Amino acid sequence: MDMQDLERLIQGRRSIRQWKKQEVPAELLKKAVELGTWAPNGGNYQGWRFIVVKRKEIIEKMADAVQNVSDKIASWPEAVKWQEDVNRYRKNASFFRNAPVCIGVFSSGYQSPMDKVLVARESFDREAKEILGFRRSAPTAIQSAAAAVTTMLLVFHQMGLGAVWLVSPIQAKKEIEAILNVPSKMELICLIAVGYPDEFPSKNRKLVDQVIEFIH
Ligand SMILES: Cc1cc2nc3c(=O)[nH]c(=O)nc-3n(C[C@H](O)[C@H](O)[C@H](O)COP(=O)(O)O)c2cc1C
């Protein structure tokens, strides 16, 4: 693959939210997860797990759980202040129920040796507590899972599949973890909904000059 092919792959990928009914072969899903695990990850700890759900009833159950929590949040009096946005969000909360496949991405967390030292000192050392706060503001486990998800989305795109990265279902974290019966040390990071695309949306990006700064 030359640079142009790589650019085309990266720029051509879009989040897909409408899918054909066509089944996605398990081998493709397994290959995408396999390649996802080649992503950089903190300490090469690889504390991630991927639960690939093809069974419609289970996807429906997760979508119902997410919808219920969204409905609940939207019904709280504080929602009135942002009514229009909240309603739009609520209406779209469970569109992934139509996806032929839904992948749960989980992580068991990661503690570097530095975290261990900081945790041992945080109760009596303000500086250690502050540094631990910095580390917790950018969790390695979540960044690692994100690297895997990014890789998987590109692989899906190359396979002719369309996927979307979903963090909003985290609202129903407890319910989804129960539905998928995950061990208690595994934490839901996100879902990925996948299938053969039935839409071809376009998106723009800011110009690189708006987001880059060199320090020479
Ligand atoms: C961390 C993260 C969380 C996201 N969560 C959601 C989500 O909950 N629901 C959704 O429809 N899209 C979600 N997306 C997809 C973004 O909306 C999408 O990537 C963005 O609009 C850019 O569009 P593109 O992926 O087609 O380039 C998420 C993307 C990322 C990276």
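One structure accompanies this document, and this report is about it.

**Points about the nonpolar core**
Residues Cys-102, Val-105, Met-152, Ala-163, Ile-192, Ala-193 and Val-194 are the most contacted members of the largest nonpolar core, which totals 43 residues. If you list the elements that add at least two residues to this core, you get helix 2 (26–36), strand 1 (48–53), helix 3 (56–75), strand 2 (101–107), helix 7 (140–158), strand 3 (162–166) and strand 4 (187–195). Looking at this core element by element, the count peaks at eight residues for helix 7. Each residue touching Ala-193, except ones within four places of it in the same chain, is listed here: Phe-96, Ala-99, Cys-102, Ala-163, Val-164 and Leu-166.

**What about the sheet that holds strand 3?**
Pairing is antiparallel across the open sheet formed by four strands, whose spatial order is 1-2-4-3. The sheet terminates laterally at strand 1 and strand 3, the two strands that pair on one side only. Sheet twist, expressed as the average angle between the axes of neighbouring strands with direction ignored, equals 20°. With five bridges joining them, strand 3 and strand 4 adopt antiparallel strand pairing. Looking at strand 4, one finds that Val-164 is bridged to Ala-193.

Definitions and cut-offs
- Residues numbered from 1 in each chain as written.
- Predicted model: local features only at pLDDT ≥ 70, side-chain atom pairs only at ≥ 80, totals over all residues.
- Core = buried A, V, L, I, M, F, W, Y, C linked by C-beta atoms within 7 Å.
- Buried ≥ 20, exposed ≤ 12 C-beta atoms within 10 Å, placed from the backbone.
- Helix = DSSP H or I, 4+ residues; strand = E, 2+ residues; numbered from the N terminus.
- Contact = placed C-beta atoms within 7 Å.
- Pairing = 2+ DSSP bridges.
- Axes fitted to C-alpha atoms, helices over the stretch in contact; angles between N-to-C directions.

Spatial relationships are all this shows, so hold off on functional conclusions.
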